[in-house]
Amino acid sequence: FEHISQILCSNPLQQKLLVEICDARSNNDVIAFFELPIKQIFDTESMTIETQSFPLKSYTEPLNNSSIILRLSLH
């Protein structure tokens, strides 16, 4: 699915973006996550990371070939 979010970031040089993936079938338990230092976006020439795939991590069990596709931009 496509989802657009705008997030207020007070300190892009220190904060991290955390995306958690929840399982709606089991009380919205978090099953995976993606984390990225916002500085990584800030340091690009256009302050944008064009659409690309990022591997997901799991809190409990390993995920095989699971990823999230994101386009990240600072304004």
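Just so we're clear, the structure is a prediction, and the values are computed from it rather than from any experiment. (Residues numbered from 1 in each chain as written. Predicted model: local features only at pLDDT ≥ 70, side-chain atom pairs only at ≥ 80, totals over all residues. Heavy atoms only, no water.)

What is the right way to look at the side chain of D23 in this model?
Relative to the elements of secondary structure, D23 occurs in strand β1 (residues 16-23). Here D23 falls in the buried class, since its relative accessible area comes to 17%. Those residues in contact with D23 that sit more than four places away from it in its chain are N28, D29 and I31. (Helix = DSSP H or I, 4+ residues; strand = E, 2+ residues; numbered from the N terminus. Buried < 20%, exposed > 50% of the residue type's maximum accessible area, 1.4 Å probe, protein only. Contact = heavy atoms within 4.5 Å.)

What should I look at first to understand the side chain of T48 in this one?
With respect to the helices and strands, T48 occurs in strand β3 (residues 48-55). Looking at T48, its side chain comes within polar contact range of the side chain of S73, at 3.1 Å. (Polar contact = N/O pair within 3.5 Å; in protein donor to acceptor, adjacent residues only side chain to side chain.)

Please explain the environment of F1 as it appears in this structure.
The topology assignment puts F1 in the segment before β1. Here F1 falls in the exposed class, since its relative accessible area comes to 95%. Along the primary structure F1 and S53 are separated by 52 residues, whereas in three dimensions their C-alpha atoms are 14 Å apart.

Please explain the layout of surface pockets as it appears in this structure.
Rolled over the atoms, a probe sized like a water molecule indicates the empty space that remains. When its volume is computed, the largest pocket comes out at roughly 1,300 Å³. Around the largest pocket, the lining is made up of 29 residues, and of these H3, S5, I7, R71 and L72 lie nearest the centre. Taken together, the elements giving at least two residues each to the lining of the largest pocket come down to β1, α1 (38-42) and β4 (67-73). Residue composition of the lining of the largest pocket, by class: 19 nonpolar, six polar and four charged. (1 Å grid on protein atoms, 1.4 Å probe; cavity = no way out; pocket = protein on both sides within 12 Å on 5 of 7 lines; lining within 4 Å. Points joined across faces, edges and corners; volume = space filled by probe spheres on them. Nonpolar A, V, L, I, M, F, W, Y, C, P; charged D, E, K, R; others polar.)

I keep staring at the packing of aromatic side chains and nothing clicks. Help me out?
Pairs of aromatic rings are described using the distance from one ring centre to the other and the angle between the two planes. In total, this model carries one aromatic pair according to the counting rule given. With 4.7 Å between their ring centres and 45 degrees between their planes, F34 and F54 make a pair best called tilted. On the criterion of sequence distance, the pair formed by F34 in strand β2 (residues 29-37) and F54 in strand β3 is long-range, its members being 20 residues apart. On the accessibility criterion, F34 (5% relative accessible area) is buried. (Phe/Tyr/Trp six-rings, centres within 6.5 Å; stacked < 30°, edge-to-face > 60°.)

When you look at the nonpolar core in this model, what are you seeing that I'm missing?
Nonpolar side chains tend to gather and get buried jointly when the protein is soluble and globular. If you look at the biggest cluster of nonpolar residues, it comprises 13 residues, and the most contacted ones within it are F34, F54 and L72. Those elements giving two or more residues to this core turn out to be β2, α1, β3 and β4. (Core = buried A, V, L, I, M, F, W, Y, C linked by side-chain atoms within 4.5 Å.)

Read these as spatial facts, not as claims about activity.
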